[in-house]
Amino acid sequence: MKLTARATAAAALALAMGVTAAGCSGKATGGSGGTDSKGVKTGPGVTDSTIKIGVETDLTGVYAPLGKSLTQAQQLYVEEANAAGGVCGRKLELVVRDHGYDPQRAASAYSELQPNVIGLAQFVGSPMVTALKSRITSDKMFTIPNAWATGLLGTEQIQVTGTTYDIDMINGLEWLTKEKGIKKGDKVGHVYFEGDYGESALTGSKYAAGKLGLTLVEQKIKATDNDMSAQVAALKSAGVTAILMSAGPRQSASLAGVARAKGIMVPILASNSGFSPALLGTPAAPALLNDFYLTSAGAPISSDLPAIKKLADAYAKKYPNQPRDNAVVNGYTNAAIFVDALKKACESKDLTREGLIKAHRSASSYDGGYGTPQNFSHFDKPATLRTYILRTDAKAVGGLVVEKGAAESELVKNYKAPAAG
Amino acid sequence: MRDELIVSGLTVRFAGLTALDDVGFTVAPGSVHAVIGPNGAGKSTCFNVLSGVYRATEGSVTFGGTELTTLAPHRIAALGIARTFQNIALSRHLSVEDNLMLGRHRLTKAGFLSAGLRLPRARREDARHRARVRDIAEFVGVGDHLAAPVGMLPYGVQKRIELARGLAMEPRLLLLDEPVAGMNGTERQRMADVIVRARADLGISILLVEHDMGMVMRLADEVTVLDFGKRIAGGPPADVQRDPAVLRAYLGAAHEPTAGTATATEEEERERA
Amino acid sequence: MSETLRRPAFWALAGGTALLLALPFYLDAFWLQTGLFAISAAIGAIGLNLLTGATGQLSMGHAFFLAVGAYGYVYLASDDGAHVSGLGVPTPLAFVGAVVLAGVAGGLFSPIAGRLRGTYLGIASLALIFVGQHLLMNVEGVTGGFNGRDVPPLELFGLRFDDSPDLVVFNIPLGALERLWFLAVALLIPAAWIARGIVRGRPGRAMNTIRDHEVAASVMGVPVARYRAGVFVLSSMYAGAAGALLALVFRRTVPEYFGMFLSLDYLAMIVIGGLGTAAGAIAGAVFVSVLPQLLTRFGGELPLVSAPGTGGVSPAEAARILYGAAVVAVVLFLPGGLVGLWTRLRLRITARRRPPAPLTRLDNKEQPA
Amino acid sequence: MANGTLAVRDLSVSYGRAVQALHQVSLDVPAGSVTAVLGANGAGKTTLLRAISGTLPFHRGAVEAGTVHLGDRPLTGLSPAAVVKAGVVQVPEGRRVFGRLTVADNLRAGALGARSRKEIAASRERVLELFPVLAERAGQRAGLMSGGEQQMLAIGRALMARPAVLLLDEPTLGLAPLMAERIADTVREINMQGTSILLIEQNAALALELSSTAHVLEVGSVALHGPSPELAASDEIRRRYLGVTDEPEVVPEAHLRGPVLERWAG
Amino acid sequence: MSTFIELVVNGVASGSVYALIALGFVIIFKATEVVNFAHASLLLVGGYLTAVLHDDIGFLPALAAGIAGAAAIGALVELLVLRRANVENHAVLAIVTIGVDIVLTTELTRRIGTEVMSLGDPWQNEILTVGGVSIPHTRIAALVVAAVLITAFLLAFRYTSWGVAMRAAAEDGEAAALMGIRLSRVSLGAWAVAGGLAAVAALFLTVFPTPGLDRSTSFAAMKAFPAAILGGLDSTTGALVGGLIIGLTESLVTGYQGDLTFLGRGAGDVAPFLVMFAILLIRPAGLFGTRELTRV
């Protein structure tokens, strides 16, 4: 019984001490809200001189190449914006946190960023975004994820820019039937990553294949699979007339390499994450330059749109010897979308988080000059339904040129993206 | 008969080599029975079969009518058969008391839940058995070391802890594997004394493997002599001492060739390595 | 009672608990979150330490059981949804159920856990990670597939472990993290206490002897295979509790998290902290969970560490290298880990205060190998 | 072959810092002699050999004090391989041939310390001459041979390194008398060819017959030593090995002195 | 039918590469009883060196440098870490190698960064087509090189002094020491050989049809763990057979995943582990492993 008595005493004492200590805490109630001298309401991340914007990226994990390009492009944009006077009389500041594609570190980084930034202009990795979705919602944290999975739709605070993977696949598959001679009754292979990227794309390809009378041959792979021989063998024996590819650049390279080497000369159409210009320096280059296409919501960095030309030059100047891939455009345009919303929020004198989201959602036909106009006013649908078809080109900056300009297919008009709750 | 250990036709072969060949003997309840023989004669193999560590190839071992050769070691322990190890097999980092408490394992019940929650039942049980373990430690003469980690204690003390752990199992039959190996005269004397008293106080049967013939002659009621895995002699110590086969086995003198006996096995040697 | 008050251990315990209870009133969300990860990790590590430290069995499959706990809680506590099903059990029961489920999963592995020893089991259990990930991705009705599932907040005696409804104590708003902190502490203390009771009691002695001398254990009446399997189940239950708590902290479970690196982290924790004790597991868990956060936060001020994205060693990389090196250094130079270091320091201090005990006379003897 | 006396001086050895196994043991193995060490199990015989051959660390043991020399070359502190190179090779107790290797490979393993192919060939020839059976069984796995043959292999394997001093640990252990006799003959033969031998043996008669000098170890110290014929003649040895010791008889009432242990009531 | 043959050839080729890795793993285990979880990082060392050097000094010298480098790092790990670790529990030694692995892998992936590095192999993406079955040259090279290396290794293991020393030390360390065998050299040699084999495996894991070496290459080395344990951790034959079983299982399950949907899609990565489970349930020491003998 003595032990129990001791434990009780310890507990009581601990409670007393804890309560006493807690009473002296300086961590008081109330947020950091307020109104500045010009009557602009401010919230977390906004002071009189700066606006802090959070970035949750991957610089050390599996998506490090993507994260690096995105972050550098956003740094570039912020510098340019600050040179042009900033927003609302305030300088912009990016607070970059690397989560290394680890949900736990992403959650910690979010907790660190949450009280100090107005929103997140970049968030790499849909597992991480998904893991934090409920907190993003309850914190009213405006977030632009760098993932285009359907599951990210349907949340007011989260803005998926451009199309989602399923839209791309529908548009792409229709293009294949129109331009590449794929016809009803054909078999089409789809190699996709386990996870929401691949499976979002699969939703689209399944829908389109059904409508177009095609048979889909599915091959699910993991991010760690680097050798596509077995998949190609299976696709070959199925006799596919085109291959869809929703995986990483390495898998595209392997798939194209094996397929071409085995004499399978069918067109290969990859989702926008399925290519990296670095691959054109590897032995896989010839295969990747042969009937290989990419779907994309944004214009490629080789595009002759003036805004993108300007970006390509500025990026090359600031980061010489760094690859100029599509992530550069994506990061930059996302920063532009974010800052555009900030400017609108400033105009309506509300730089709080709610104000930012309201300002952003008021843009029903955003066009920053980077290609497709986007509609941000509804959050259960992609911001656009138009997809570019890009073709690999060894001479082009970023290794891609436009094969067919952004367009909306017939099929996609009646397609309803299954937004997750 | 109750508590009688009957070994009959026991044969153990490893990879074609015969370590024990048709060995049989009986340990009467309450007696001290010694198994002797030169190194490699199969004594340790015999112990390992009795305690379930090795499987017998043929033959039977019964204790109080229960067949042991098909039982797992912990089931044999549950019957009240304890053993010590020639090469000390204690947990070096645990205290003497905890090592002895392991001997109580079969007599206690506390499982993960009751030990984890320190249920009154477990605490009462623990206290009761700790008291008994202290008595046993005092009895064996290691009472002063109860809190010390075993690894820090001298060899002679560790040997006694081995014996104490065996006694802590409250055995009906105690198998002692060379309990005085490597001890000096005084220590041997003390150990012999403890064994005699344990048998007298507790009325247990003891099966003893020992090299020290003096010890065997003094302690044993009955002796079985093994050589090359075979039983070559048996009986009261005085008779065995005069048996020519035993003299031959031990002194290697004036021997006649034994026909093609299998020799001791690899296994047997490993045990002693 | 007065004797109790004079014991330093009592004051240390009370002080430590008081500190743990007061922390949420001071720490910001970031540190609370980090602390919560550390506490959950500590619970999981205590379980692994029972297996690896106390029984000498290696497991690389700990992350799998964390996943079972996390998903088990979600499945039991959630209501049926459009794409995913659930049982809608009251949340505290679901938490207990998750722990039990993890134990059952450990039990299903017992034909292997009971028969393989040491490092063999380590490699075999590696398979659990891969099989587990596959299941998490493919059994969508239960796990939500790649998207994972929302975690319903725990509700205990009318208190919701969530940001709403508002709860203000001492003028300090207690949000989800603060509330969960108290829950975590309330789980950690009994978890450590129970583990300590097990290690010091009858099962612990059997486990230690299996580690030190398997044959001796079996001959003393310990059913070795059954014990090995039993400890595996127990360690899985600890992992299950840790996983369910982690799920509550994350508020969403995603399959990516429960990969091989998580298992390795847990092994690193118990080695760094010290094998075989609950205190070691806790120390290691704090070290491994907090080190990367410290480096990320203050990495800029350290030499050789550069800000992310600027080339050079990033804080995240520095943290990984440091803790890899810590594992090696602890084994080479600090047997017993952080806790062993503490024990030695304490011994040195008390030795100075007390006269040295007389050495036992060295009796002789050859020790056969 | 190197020459000189193998001299052990005041050697003290302990295991794990707490267990002392040898206490100030001194003995000599003069060049070309056979010296025997007798003693009960655990008396420290094997420890003595381990200390000489440098294998104490395998058993967490260490030399605390004292020296071992071969001629004027110190052996204490050398690695086992260096001791072999210096010309002292041990045949371990229980033979410990490499059971999964062939007989020929076992012999090769013994010659790994040797310098030239020529030397190896010469050693092999000598070994096969001593033990013709090893040539017949060259391709067979050593583990499948009988105990006696394994002992021959173990000795042959050691001879491959051309030792100046051979340490034999219980070479007749577990062998049938006829085989033991054969091994004894071989030991004599090896010695005649110029190799000194330190022989550890429980079979006192055999050891004393083979050796010129003998030492009796008891509890880590040398209890008796002298020329073998003298020891063989002493009653002391006979009694020791037949179990009649000089220790006092156990008094039957002994238990009355110690604490009494009641039967456990459950 | 040609699909089946292609899948089998692919499986055997990648299986032989896994066997190379598993063999190194087994050698270390035999010589030192350490389960080396740092094996994947040795592989990365070899691949990285080859990739960095091949432009300047040519493919073969770069490969040689990669092999030498991985061997040296392996030896260094033995020398600096394992030799100094004085612990009885082998589980702890295994955890130490995990620590080593974390350090090495983190540093190497940092150096590799965002690149996909080509190893500059001469086979490129050439393909040999025989009767409708097309096999990349790299696969043939992998098969031939692995077969040659494994044969050479087994011969060396059987017939050279090094092999005799290895086997003797693996069987009875103390007796080997008594014969003048330097155990420290044996274990150093084992780590070096394992490193070298891993470097060769790195080459074949990163050539066509894989685009090149990058940070994820070390994951492929994970396949060698089930290979080694299902064959038996202390059996060189086991490593060989285990590697082939894993390679074939993976290739066939992936190739026929359309017919194996009950396993869930993407089961190719899990199947090897399921096979391992099944084998361990029947034979806890693996197919060719020796059961540990109880020593009392």
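Per chain, residues are indexed from 1 in the order of the written sequence. Chain A is the first chain written and ligand 1 is the first ligand written, with later ones labelled in order. In keeping with the model being predicted, local features are shown solely for residues with a pLDDT of at least 70 and side-chain atom pairs are shown and tallied solely at 80 or more, while totals for entire chains, interfaces and linings include all residues. In computing side-chain values, all of the structure's heavy atoms are included and hydrogens and water are not.

Student: I'm lost on the sheet that holds strand β6 (residues 81-83) of chain B in this one. Help?
Tutor: As a general point, the strands of a sheet are linked pairwise by backbone hydrogen bonds and lie either parallel or antiparallel. All names here are of chain B. Each pair of strands is called paired provided DSSP finds at least two bridges between the two strands. Only runs of H or I of at least four residues qualify as helices and only runs of E of at least two qualify as strands under DSSP, and these elements are numbered from the N terminus. The six strands lie next to each other as β6-β7-β8-β3-β9-β10, forming an open sheet whose pairing is mixed. With one partner strand each, in any of the chains shown, β6 and β10 (230-235) form the two edges of the open sheet. Direction aside, neighbouring strands of the sheet carry axes that sit 15° apart on average. In this sheet, β10 lies alongside strand β9 (residues 222-227) in antiparallel orientation, the contact comprising five bridges. Its bridge partner being in β10, Val223 is matched across the sheet by Gly235. Any two residues having at least one pair of non-hydrogen atoms within 4.5 Å are treated as being in contact. Between the N-to-C directions of two axes lies an angle of 0 to 180 degrees, each axis being a line fitted to C-alpha atoms and, for a helix, fitted only over the stretch in contact. Here helix α6 (residues 155-168) sits on the sheet and contacts β6 and β7 (173-177); the angle it forms with β7, its principal contact strand, is near 160°.

Student: What am I meant to see in the state of the cysteines here?
Tutor: Residues and elements named next belong to chain A. For the purposes of this analysis, a disulfide is any pair of cysteine sulfur atoms at a distance within 2.5 Å. Tallied over the full model, the rule gives one disulfide over all chains. Between the sulfur atoms of Cys88 and its disulfide mate Cys346 the distance is 1.9 Å. Across the disulfide from Cys88 to Cys346, rotation about the S-S bond amounts to roughly 85°, and the bridge is consequently right-handed. Taken as a pair, Cys88 in the loop between α2 (64-83) and β4 (91-98) and Cys346 in helix α11 (residues 326-347) lie far apart in primary sequence, 258 residues in all. With a 1.4 Å probe rolled over the protein chains alone, any residue whose accessible area is under 20% of its type maximum counts as buried; one over 50% counts as exposed, and the rest are partly exposed. You can call Cys88 buried: its relative accessible area is 16%. Overall, the relative accessible area of 19% leaves Cys346 in the buried class.

Student: Quick question: what am I supposed to make of the packing of helix α5 (residues 137-159) of chain E against helix α6 (residues 161-171) of chain E here?
Tutor: For any two helices packed against each other, one specifies the inter-axial angle together with the distance between the axes. All names here are of chain E. Closest axis-to-axis distance for the α5/α6 pair is 5 Å, and the angle between their directions is 75°. Here α5 lies roughly perpendicular to α6, going by the angle between them. Taking contact as the criterion, the partners of Phe153, Ala156, Phe157, Arg158 and Tyr159 in α5 are, on α6, Ser161, Trp162, Gly163, Val164, Met166 and Arg167. Residues are grouped as follows: nonpolar covers Ala, Val, Leu, Ile, Met, Phe, Trp, Tyr, Cys and Pro; charged covers Asp, Glu, Lys and Arg; every other residue, Gly included, is treated as polar. In terms of residue class, the contact of α5 with α6 is built from seven nonpolar, two polar and two charged. Here the word oblique covers every angle except those under 35 degrees (roughly parallel), over 145 (roughly antiparallel) and from 65 to 115 (roughly perpendicular).

Student: Could you clarify how one ought to interpret the domain arrangement of chain B in this entry?
Tutor: In many analyses, interface size is given as the accessible surface area lost on bringing the parts together. Residue and element names in this part refer to chain B. For chain B, the assigned domains read domain 1 (1-80 + 173-183 + 204-273) and domain 2 (89-170). Counting from both sides, the interface comprises 12 residues of domain 1 and, opposite them, eight residues of domain 2. Buried area is calculated as the accessible area (1.4 Å probe) missing from two parts once they are joined, with the contributions of both summed. Contact between domain 1 and domain 2 buries roughly 650 Å² in total, counting both sides, with carbon and sulfur atoms accounting for 70%. It is Ala77, Leu174 and Met183 that lose the most area in domain 1 upon contact with domain 2, and together they represent 47% of the buried surface on that side. For salt bridges, the criterion is a side-chain nitrogen of Lys or Arg within 4 Å of an Asp or Glu carboxyl oxygen. For the pair domain 1 and domain 2, the interface holds zero salt bridges. Pairs of N or O atoms are called polar contacts if they sit within 3.5 Å, as long as, within protein, a hydrogen donor faces a hydrogen acceptor (for residues adjacent in sequence, only side-chain-to-side-chain pairs). The interface formed by domain 1 and domain 2 contains three residue pairs in polar contact (both at pLDDT 80 or more). When contributions to the side of domain 1 that touches domain 2 are tallied by element, the ones reaching two or more residues are α2 (73-78) and β7. For the side of domain 1 that touches domain 2, the leading source of residues is β7, giving three residues. For the side of domain 1 that touches domain 2, the class distribution of residues is eight nonpolar, two polar and two charged. All the domain ranges listed were derived from an automatic or database domain assignment.

Student: Hey, could you run me through the arrangement of the chains in this one?
Tutor: Comparison of the nine pairs of chains in contact shows the highest number of contacts for chains A and C. There is a clear gap between chain A and chain D: no contact, and 25 Å between their nearest C-alpha atoms.

Student: How do you make sense of the sheet that holds strand β9 (residues 213-218) of chain D when you look at a structure like this?
Tutor: Residue and element names in this part refer to chain D. As summarised here, the arrangement of the six strands in space is β6-β7-β8-β3-β9-β10, forming an open sheet in which the pairing is mixed. In this open sheet, the two edge strands, each paired with only one partner strand, are β6 (88-91) and β10 (221-227). Neighbour-to-neighbour, the strand axes of the sheet open up by a mean angle of 15°, direction not taken into account. Packed on one face of the sheet, helix α6 (residues 147-159) meets β6 and β7 (165-169) and runs near 165° to β6. Across the sheet, helix α7 (residues 177-192) lies against β3 (34-39), β7 and β8 (196-200), angled at about 150° from β8, the strand it touches most.

Student: What is the right way to look at the nonpolar core in this model?
Tutor: One broad trend across soluble globular proteins is that nonpolar side chains are buried collectively. One finds Leu342 of chain A, Leu5, Leu167 and Leu207 of chain B, Tyr73 of chain C together with Leu166 of chain D to be the most contacted residues of the largest nonpolar core, which totals 464 residues. A per-element tally of this core places helix α12 (residues 224-250) of chain C first, with 16 residues. Residues in contact with Leu166 of chain D, not counting those within four places in the same chain, are Val89, Val91, Ile155, Ala158, Leu159, Ile190, Thr195, Ser196, Ile197 and Leu198 of chain D. Put simply, a nonpolar core is a bunch of buried Ala, Val, Leu, Ile, Met, Phe, Trp, Tyr and Cys residues held in one set by side-chain atoms that sit within 4.5 Å of each other. Listed in part, the 29 residues of the second largest apolar core include Val25, Leu167, Leu198 and Ile200 of chain D.

Student: Help me understand the confidence of the model for chain E in this model?
Tutor: Close inspection of predicted coordinates is inappropriate for parts of the model with low pLDDT. Residue and element names in this part refer to chain E. Note: pLDDT gives the predictor's confidence per residue, expressed from 0 to 100. The share of residues in chain E with pLDDT of 70 or more is 98%, and the mean pLDDT across the chain is 87. Predicted confidence in chain E is weakest over helix α9 (residues 217-220), with a mean pLDDT of 80, and strongest over helix α3 (residues 59-82), with 95. Confidence estimates for the predicted assembly give a pTM of 0.88 and an ipTM of 0.86.

Student: Would you mind going over the packing of aromatic side chains with me for this structure?
Tutor: The description of two aromatic rings rests on the distance between their centres and on the angle between their planes. Stacked, tilted and edge-to-face are the three classes applied to pairs of Phe, Tyr and Trp rings, where Trp contributes its six-membered ring and a pair requires centres within 6.5 Å; stacked means planes under 30 degrees apart, edge-to-face means over 60, and tilted covers the rest. With the rule as written, the count across this model stands at 33 aromatic pairs over all chains. Between Phe30 of chain C and Trp31 of chain C, the ring centres sit 4.8 Å apart and the planes meet at 70°, which makes this aromatic pair edge-to-face. Residue Phe30 of chain C is classed as buried on the basis of its relative accessible area of 2%. Seen from their ring centres, Phe250 of chain C and Tyr257 of chain C are 5.1 Å apart, and the 75° between their planes marks the pair as edge-to-face. Both residues of the pair, Phe250 of chain C and Tyr257 of chain C, belong to the buried class. Three or more aromatic residues joined by ring pairs form one cluster here, namely Phe37, Tyr71, Phe250, Tyr257 and Phe258 of chain C. Working rule: Lys NZ or Arg CZ, within 6 Å of ring centre, within 35 degrees of ring normal, means a charge sits over the ring. A cation over an aromatic ring shows up here: Arg83 of chain B above the ring of Phe85 of chain B, its NZ or CZ 4.3 Å from the ring centre. The cationic tip of Arg157 of chain D hangs over the ring face of Phe98 of chain D; the distance from NZ or CZ to the ring centre is 4.7 Å.

Student: Got a minute to help me understand the environment of Gly337 of chain C in this structure?
Tutor: Position of Gly337 of chain C relative to the elements: it lies in helix α16 (residues 337-353). Each C-alpha atom of the pair Gly337 of chain C and Ile43 of chain C lies 18 Å from the other, and the pair is 294 residues apart in sequence.

Student: When you look at the pairing of strand β5 (residues 119-124) of chain A in this model, what are you seeing that I'm missing?
Tutor: Strand residues, when the strand is regular, have side chains that alternate between the two faces of the sheet. Residues and elements named next belong to chain A. Taking burial as the measure, the six residues of β5 include six buried ones, the bulk of the element. Bridging between strand β3 (residues 50-57) and β5 involves four bridges; their strand directions are parallel. Across the sheet, Ile53 pairs through a bridge with Gly119, a residue of β5. As paired strands, β5 and strand β6 (residues 142-146) are joined by four bridges and run parallel to one another. Residue pairing across strands places Gly119 opposite Phe142, the latter belonging to β6. By convention a crossover is right-handed if, when the strands point away from the viewer, the path from the first strand over the helix to the second runs clockwise. Read from β5 through helix α4 (residues 126-139) to β6, the crossover connection turns out right-handed.

Student: Sorry, what's going on with the pattern of salt bridges here?
Tutor: Once their charged atoms are close, side chains differing in charge can pair, the charge on each being opposite to the other. All names here are of chain E. In the structure shown here, the tally under the stated rule is 49 salt bridges over all chains. Two residues, Glu107 and Arg110, come together in a salt bridge whose shortest N-O distance is 3.2 Å. Pair noted here: Glu107 and Arg110 are both in helix α4 (residues 90-112), with a separation of three residues, about one helical turn. Taking the shortest distance from any N to any O, the salt bridge between Glu107 and Arg111 comes out at 2.9 Å. With Glu107 and Arg111 both in helix α4 and four residues apart, the pair spans about one turn of that helix. Judged by relative accessible area, which is 22%, Glu107 ranks as partly exposed. Using a relative accessible area of 46% as the deciding quantity, one classes Arg111 as partly exposed.

Student: Would you take a moment to explain α6 of chain D for this structure?
Tutor: Residues separated by three or four positions in an α-helix point in the same direction, a consequence of the helix having 3.6 residues per turn. An expected span of 1.5 Å times one less than the residue number is assigned to each helix. In this model, α6 of chain D (13 residues) spans 18 Å end to end at C-alpha, consistent with the 18 Å of a helix rising 1.5 Å per residue. For α6 of chain D, a buried count of 13 out of 13 residues is recorded, marking the element as mostly surrounded by other parts of the structure.

Student: I keep staring at the packing of helix α1 (residues 2-32) of chain E against helix α8 (residues 183-206) of chain E and nothing clicks. Help me out?
Tutor: Residue and element names in this part refer to chain E. At a closest axis distance of 8 Å, the pairing of α1 and α8 adopts a crossing angle of 170°. By the angle class used here, α1 and α8 are roughly antiparallel. Residues Val17, Tyr18, Leu20, Ile21, Leu23, Gly24, Ile27, Ile28, Ala31 and Thr32 of α1 lie in contact with α8, whose contacting residues are Val186, Ser187, Ala190, Trp191, Val193, Ala194, Leu197, Val200, Ala201, Phe204 and Leu205. Looking at side-chain class alone, the contact of α1 with α8 contains 18 nonpolar, three polar and no charged residues.

Student: So what exactly am I meant to see when it comes to a positive patch on the surface here?
Tutor: All names here are of chain B. Judged by side-chain charge, Lys109, Arg121, Arg124 and Arg128 come together as a positively charged surface patch. With respect to the element layout, Lys109 can be found in the loop between α3 (96-103) and α4 (112-116). With relative accessibility at 69%, the residue Lys109 sits in the exposed group. Each patch groups residues whose relative accessible area exceeds 30% and which form no salt bridge, using 9 Å between like charges and 5 Å between nonpolar side chains of Val, Leu, Ile, Met, Phe, Trp and Tyr. Working definition of accessibility: Shrake-Rupley area with a 1.4 Å probe, residue cover restricted to the visible protein chains. By the counting rule applied here, Lys and Arg register as positive and Asp and Glu as negative, while His and the ends of each chain are not counted. Here the site of a charge means NZ on Lys, CZ on Arg, CG on Asp, or CD on Glu.

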